[in-house]
Amino acid sequence: MSQTIILGIESSCDDTSAAVIADGLLLSNVIASQSVHEEYGGVVPELASRAHQQNIVPVVDTAIKRAGISKKDLSAIAFTRGPGLLGSLLVGTSFAKGMSLGLRVPIVDVNHLHGHVLSHFVRQQADDEVPEFPFLCLLISGGNSQIILVRDFNDMEVLGQTIDDAAGEAFDKCAKVMGLPYPGGPHIDRLAAQGDASRFKFAKPHIPGLDYSFSGLKTSFLYTLRDAVAADPDFVKNNMPDLAASLQRTIIDILLDKLSKAVKQTGVKTVAIGGGVSANSGVRAAVADFCKRKNLKAFIPQRAFTTDNAAMVAIAGYYKYLKGDFCRYDETPYARVSI
Ligand code: KG4
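Residues numbered from 1 in each chain as written. Predicted model: local features only at pLDDT ≥ 70, side-chain atom pairs only at ≥ 80, totals over all residues. Heavy atoms only, no water.

### Thoughts on the packing of aromatic side chains
Here comes step 1: Counting across every chain of the model gives 13 aromatic pairs.
Here comes step 2: Ring centres 5.8 Å apart and planes at 80° place the aromatic pair phenylalanine 200 and phenylalanine 235 in the edge-to-face group. Residue phenylalanine 200 is located in the loop between helix 5 (185–192) and helix 6 (215–231), and its partner phenylalanine 235 is located in helix 7 (residues 235–238); the two are separated by 35 residues in the primary sequence.
Here comes step 3: The class of phenylalanine 200 is buried, set by a relative accessible area of 13%.
Here comes step 4: Phenylalanine 235 gets classed as buried once you look at its relative accessible area, which sits at 10%.
Here comes step 5: Put simply, the rings of Phe121, Phe133, Phe135, Phe153, Tyr318 and Tyr319 touch in pairs and so form one group of aromatic residues. (Phe/Tyr/Trp six-rings, centres within 6.5 Å; stacked < 30°, edge-to-face > 60°. Helix = DSSP H or I, 4+ residues; strand = E, 2+ residues; numbered from the N terminus. Buried < 20%, exposed > 50% of the residue type's maximum accessible area, 1.4 Å probe, protein only.)

As structure tokens, this is what we get:
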């Protein structure tokens, strides 16, 4: 019996990635991160698209070689169509179209956010457990903070989302104020492990329903530091771990508060997390603990699948391919789109 083999291509932000999946089983996942942005303290869109152009051929070639297949074995090519940086998306989209025309296989467009949610269906072993529908997915990244009710592979409803900053932005912006390099999230994670989370108190939002807000926390963090530094110029340097731990604790409390409400509201028994911030040790431990206490099944992704990767694009593309849901060649990328 012939296999369904999907090549996934991800180029929505600053990671060029390609992955190969055969009948839902991961054969390879290659990611080239772009260090060119480090000195600017954030992703520079024009530099990102140029780096994608340099990376895409070797990254796709390596993914196919590592998978132990030939490009002639591919059933389809899945690519991230959005949301993301338009110039970056254009590189992956154009490459996917060109390759598909050359190989005479269909293309499948993937919503990047669906990819994050469906990353839990990437199997590395045939007997890896995957979530059962319906489940809740807490999608937390540099651009999104959403609670999603996932009814099926292509049936998702956003129950709540941030009305201002995303959780990742809260980590990154506060880390920047502390003088940490971009992106600050992983640095806060590392520092928080040695800090006292009860030392500082920062503002928590009072937003009705299941929506999030992180801009008040950012302001409160900024004011705390401003006042403290006025009294002691070395305050930040001398209190890094406690600041990081207290900040991380507050972000986790905000995330868990709404997640808990969503669980109560929906009665759903399975909770998954995804997106870059789901790599955070504190978030992972807190969600696992919450699910244990509430008798819920928790799906915490491997760290390799938390940040942008093509394995999630390939798996989302695989389920669309099975339904014959292909993309036309005149379709273009989109910078903004919801679930
Ligand atoms: O999903 P992602 O790779 O892409 C974007 O949405 O851009 O998420 C990136 C975000 C950044 O804000 C980064 O600081 C955050 O994920 N992040 C973390 C950790 N690892 C990545 N935040 C906290 N702790 C981490 N370990």
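Here the narrative resumes, following the displayed structure.
### Examining the site of the ligand
Here comes step 1: Neighbouring the ligand are 18 residues, the closest being Gly142, Asp172, Asp189, Gly276 and Asn280.
Here comes step 2: At 3.2 Å, a backbone N or O of glycine 185 approaches an oxygen atom of the ligand.
Here comes step 3: Contact with the protein chains covers 84% of the free accessible surface of the ligand, which is 560 Å².
Here comes step 4: Elements with a minimum of two residues in the shell around the ligand: helix 4 (167–177) and helix 5.
Here comes step 5: Residue composition of the shell around the ligand, by class: five nonpolar, ten polar and three charged. (Near = heavy atom within 4 Å. Polar contact = N/O pair within 3.5 Å; in protein donor to acceptor, adjacent residues only side chain to side chain. Areas by Shrake-Rupley, 256 points an atom, 1.4 Å probe, with all protein chains shown as cover. Nonpolar A, V, L, I, M, F, W, Y, C, P; charged D, E, K, R; others polar.)

### Overview of the environment of aspartate 164
Here comes step 1: Locating aspartate 164 in the fold gives a position in the loop between strand 8 (155–161) and helix 4.
Here comes step 2: By relative accessible area, which is 29% here, aspartate 164 ends up partly exposed.
Here comes step 3: With 51 residues separating them along the chain, aspartate 164 and serine 215 place their C-alpha atoms 6.3 Å apart.
Here comes step 4: Side chain to side chain, aspartate 164 and serine 213 meet in a polar contact 2.7 Å long.
Here comes step 5: Here the side chain of aspartate 164 touches serine 215 through a polar contact of 3.2 Å, side chain to side chain.

### Some words on the sheet that holds strand 5 (residues 107–111)
Here comes step 1: Spatially, five strands are ordered 3-2-1-4-5 in an open sheet, and the strand pairing comes out mixed. The sheet terminates laterally at strand 3 (25–33) and strand 5, the two strands that pair on one side only. Sheet twist, expressed as the average angle between the axes of neighbouring strands with direction ignored, equals 20°.
Here comes step 2: Here strand 4 (residues 76–82) runs beside strand 5; their pairing, made up of five bridges, is parallel. If you follow alanine 78 over to strand 5, its bridge partner there is valine 108.
Here comes step 3: Relative to the sheet, helix 1 (residues 45–67) contacts strand 1 (5–10), strand 2 (15–22) and strand 3, its axis offset from that of strand 2 by approximately 25°. (Pairing = 2+ DSSP bridges. Axes fitted to C-alpha atoms, helices over the stretch in contact; angles between N-to-C directions. Contact = heavy atoms within 4.5 Å.)

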